[in-house]
Amino acid sequence: MKLIGLQAPDLTVHVADQVSGTEARILAELREFWSDAAGHIASAADSRTASATDLVPLAAYRVVPPVLPEARVICIGLNYRAHHAEGSFKDQAFPEHPTLFARWTRSLTVGGAEIPVPSGERGLDWEGEIVAYVGDTLVDVDEQQALDAVVGYSTFNDITSRIAQKLTSQWILGKNGDNSGPLGPIVPSAELGHLDQGLRVQTRVNGETVQDGSTADIVYSVGSTLSLISRTFTLRPGDLLATGTPEGVGYTRTPEWLLQPGDTVEVEVEGLGTLTNTVVANSSRHT
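About the criteria used
- Residues numbered from 1 in each chain as written.
- Predicted model: local features only at pLDDT ≥ 70, side-chain atom pairs only at ≥ 80, totals over all residues.
- Heavy atoms only, no water.
- Pairing = 2+ DSSP bridges.
- Helix = DSSP H or I, 4+ residues; strand = E, 2+ residues; numbered from the N terminus.
- Axes fitted to C-alpha atoms, helices over the stretch in contact; angles between N-to-C directions.
- Buried < 20%, exposed > 50% of the residue type's maximum accessible area, 1.4 Å probe, protein only.
- Contact = heavy atoms within 4.5 Å.
- Domains from an automatic or database assignment.
- Buried area = accessible area lost by both parts, 1.4 Å probe.
- Salt bridge = Lys/Arg side-chain N within 4 Å of Asp/Glu carboxyl O.
- Polar contact = N/O pair within 3.5 Å; in protein donor to acceptor, adjacent residues only side chain to side chain.

## Remarks on the sheet that holds strand β18 (residues 273-280)
Thinking step 1. Strand order in the open sheet formed by 5 strands is β9-β18-β17-β14-β15, with mixed pairing between adjacent strands. Strand pairing shows two members of the sheet lacking a second neighbour, β9 (114-116) and β15 (208-214), which therefore form its edges. Strand-to-strand twist of the sheet, defined as the mean angle between neighbouring strand axes without regard to direction, takes the value 20 degrees.
Thinking step 2. Summarising the sheet, strand β17 (residues 264-269) and β18 pair through 6 bridges and their orientation is antiparallel. Bridge pairing links Glu 268 to Thr 274 in β18.

If you want it as structure tokens, here you go:
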């Protein structure tokens, strides 16, 4: 099952199961879906043999992230051991708790979208990742309760504006460029399993592999991180956790290698599929 968002001409957003490259089956309106995500997923799994009359053409809709506007997008920085070792923090030990930063939902987009290079940047950096989706309200939960609340995962590219990111000790500016957070379809956790099984995460730029890691290298698990967050603020259905990127980002290379207009970047995650986007010039932000 691959769950996507479909925006109708009247701007209503639905969550749908994409059954082919041209068709999908609508499950529920976005807010209705996240009111009982696990229930809608289970119901859809029980009825996947629906007839062709239940299908809608993708061409009649705009594909959008199946994400609530008010959802929190929480990201873990430096979560893969090898990525920590290649960057500017390599001489520091892993802290007891994960470094967390936030994205706004307006920075999110989907596969196929164009990603502009902001003014003042030498280019953009890739960060192939996996996102986990919270399906229940979480308050002061333990690690297992938090993991049980994860209803699905998707491929993610945490595209980063490195100059903006490094202007201050806070990373939010560099992590919220327009269209800088493409998401792939949600695959239910009941189908995928969880990240502790060691899923392969690859990123390619113009066909060349630049990242090739495994979630077995993760330090801060999904369950422990969501549990930690739930002690401070309530996690709600539809919130997202980006789990960090493996080694191989562009800014650590000699010479530096950043995405330029015309480049194609792909993130492929075992069991989740491939997410493909193109990079365009800053002028596209004004059109």
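## Notes on helix α7 (residues 222-230)
Thinking step 1. Counting buried positions along α7 gives 7 out of 9 residues, so the element sits mostly inside the fold.
Thinking step 2. Regarding α7, the residues found buried are Val 222, Gly 223, Thr 225, Leu 226, Ser 227, Ile 229 and Ser 230.
Thinking step 3. Contact partners of the buried residues in α7: β6 (73-77), β7 (99-103), β10 (128-134), α4 (143-148), β11 (150-157) and β16 (240-242).

## Some points on the domain arrangement of the protein
Thinking step 1. Partitioning the protein into domains gives domain 1 (3-64) and domain 2 (73-284).
Thinking step 2. Using C-alpha coordinates to define each centre, domain 1 is positioned 25 Å away from domain 2.
Thinking step 3. Each partner contributes to the interface: domain 1 provides 8 residues, whereas domain 2 provides 9 residues.
Thinking step 4. On the domain 1 side of the contact with domain 2, Leu 3, Trp 34 and Ile 41 bury the most area, a combined 68% of that side's loss.
Thinking step 5. Along the contact surface separating domain 1 from domain 2 lie 0 salt bridges.
Thinking step 6. Where domain 1 touches domain 2, the interface holds 1 residue pair in polar contact (both at pLDDT 80 or more).
Thinking step 7. Going through the elements one at a time, β1 (3-7), α2 (37-46) and β5 (62-64) are the ones with two or more residues in the side of domain 1 that touches domain 2.

## Observations concerning the pattern of salt bridges
Thinking step 1. On inspection of all chains with the given rule, the structure shows 13 salt bridges.
Thinking step 2. Residues Glu 70 and Arg 31 are paired through a salt bridge, measuring 2.7 Å at the closest nitrogen-oxygen approach. In this pair, Glu 70 is assigned in the loop between β5 and β6 and Arg 31 in helix α1 (residues 30-35), connecting sequence segments 39 residues apart.
Thinking step 3. Of the residues examined, Glu 70 reaches a relative accessible area of 46% and is grouped as partly exposed.
Thinking step 4. In this structure, Glu 268 engages Arg 204 in a salt bridge whose closest nitrogen and oxygen atoms are separated by 3.0 Å.

## Thoughts on unusual backbone geometry
Thinking step 1. A cis amide bond links Thr 254 with the next residue in sequence, Pro 255, at an omega value of 0 degrees.
Thinking step 2. Phi at Asn 179 is positive, roughly 60 degrees, even though this residue is not glycine.
Thinking step 3. Relative to the helices and strands, Asn 179 resides in the loop between α5 (162-165) and β12 (181-183).
Thinking step 4. The class of Asn 179 is partly exposed, set by a relative accessible area of 27%.

## Section: the environment of Leu 258
Thinking step 1. Following the sequence through the fold, Leu 258 ends up in the loop between β16 and β17.
Thinking step 2. Residue classification places Leu 258 among the buried positions, given a relative accessible area of 8%.
Thinking step 3. A C-alpha to C-alpha distance of 9.6 Å links Leu 258 and Val 205, two positions 53 residues apart in sequence.
Thinking step 4. With residues near it in sequence (within four places) discarded, Leu 258 still touches Arg 122, Gly 123, Leu 124, Asp 125, Trp 126, Gly 250, Tyr 251 and Asp 263.

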